[in-house]
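Fold and contact review
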Amino acid sequence: QVHLVESGGGLVQAGGSLRLSCAASGRTFSRYVMAWFRQAPGKEREFVGVMSWSGVIRTYADSVKGRFTISRDNAKNTVYLQMNSLKPEDTAIYYCAGGSAAVKGSSAYDFWGQGTQVTVSS
């Protein structure tokens, strides 16, 4: 029912910044909790952060806390991930996901994008 498309990935040097976007189709975007996950080569998909529909709840993984910020523009049906002070270990495919609860488990989310590659060089 809901389709998500990520964009904004690319190659950046360590210490740089990048802003990812996740565009959602349909008129139900505001009903969903939106989360970001990432998967690095040889590793399992891991939680990055989540934001409730109202913006009251924002939760981040310890590894990105203070560097990454999630925001959303309901009028544009888009959620963003602002990434600052990037490190080589941030290199991964980044996915956005939608669900009904602000939790860290990937199985709790109903809708997923195809992912966008982020590569951070040293």
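Computed from a predicted model, the values in this text were never measured in an experiment.

As a further point, take unusual backbone geometry. You will see that Asn 77, though not glycine, has its phi angle at about 55 degrees, which is positive. Residues other than glycine seldom take positive phi values, yet Ser 85 does so here, at roughly 50 degrees. Within the fold, Ser 85 resides in the loop between strand 8 (78–83) and strand 9 (92–99). Given a relative accessible area of 41%, Ser 85 falls into the partly exposed group.

Counting across every chain of the model gives four salt bridges. In this structure, the salt-bridge partner of Asp 90 is Arg 38, at a minimum N-O distance of 2.9 Å. With a gap of 52 residues between them, Asp 90 in the loop between strand 8 and strand 9 and Arg 38 in strand 4 (residues 33–39) connect regions that are remote in the sequence. Judged by its relative accessible area of 0%, Asp 90 falls in the buried class. Of the residues examined, Arg 38 reaches a relative accessible area of 5% and is grouped as buried. Between Asp 90 and Arg 67 there is a salt bridge, and its shortest N-O distance comes to 2.8 Å. A residue pair is termed long-range when its members are at least 10 positions apart, and Asp 90 in the loop between strand 8 and strand 9 and Arg 67 in the loop between strand 6 (58–60) and strand 7 (68–73) qualify at 23 residues. Overlapping salt bridges, with partners in common, bring together Arg 38, Glu 46, Arg 67 and Asp 90 in one network.

Going through the model one piece at a time under the given rule, you end up with five aromatic pairs. Between Tyr 32 and Phe 111 the ring centres are 5.2 Å apart and the planes differ by 90 degrees, which places this aromatic pair in the edge-to-face class. Placement of the pair is Tyr 32 in the loop between strand 3 (18–24) and strand 4 and Phe 111 in strand 10 (residues 109–112), with a sequence separation of 79 residues. Note on accessibility: Tyr 32 and Phe 111 belong to one class, buried. Arranged with centres 5.5 Å apart and planes meeting at 75 degrees, the rings of Phe 37 and Tyr 109 form a pair that is edge-to-face. Note that Phe 37 is positioned in strand 4 and Tyr 109 in strand 10, a separation of 72 residues in sequence. Across this residue pair, the class does not change: Phe 37 and Tyr 109 are buried. Lying across the ring of Tyr 95, Arg 45 places its NZ or CZ 4.1 Å from the centre.

Turning to the environment of Ala 97, a few remarks are in order. Summarising the element assignment, Ala 97 is placed in strand 9. Measuring from C-alpha to C-alpha, the distance between Ala 97 and Gly 26 comes to 15 Å, with 71 residues separating the pair along the chain. Every residue in contact with Ala 97, bar those within four places of it in the chain, is listed here: Leu 4, Val 33, Met 34, Ala 35, Phe 37, Tyr 109, Phe 111 and Trp 112.

Quick notes on the rules
- Residues numbered from 1 in each chain as written.
- Predicted model: local features only at pLDDT ≥ 70, side-chain atom pairs only at ≥ 80, totals over all residues.
- Heavy atoms only, no water.
- Helix = DSSP H or I, 4+ residues; strand = E, 2+ residues; numbered from the N terminus.
- Buried < 20%, exposed > 50% of the residue type's maximum accessible area, 1.4 Å probe, protein only.
- Salt bridge = Lys/Arg side-chain N within 4 Å of Asp/Glu carboxyl O.
- Phe/Tyr/Trp six-rings, centres within 6.5 Å; stacked < 30°, edge-to-face > 60°.
- Lys NZ or Arg CZ within 6 Å of the ring centre and 35° of its normal.
- Contact = heavy atoms within 4.5 Å.

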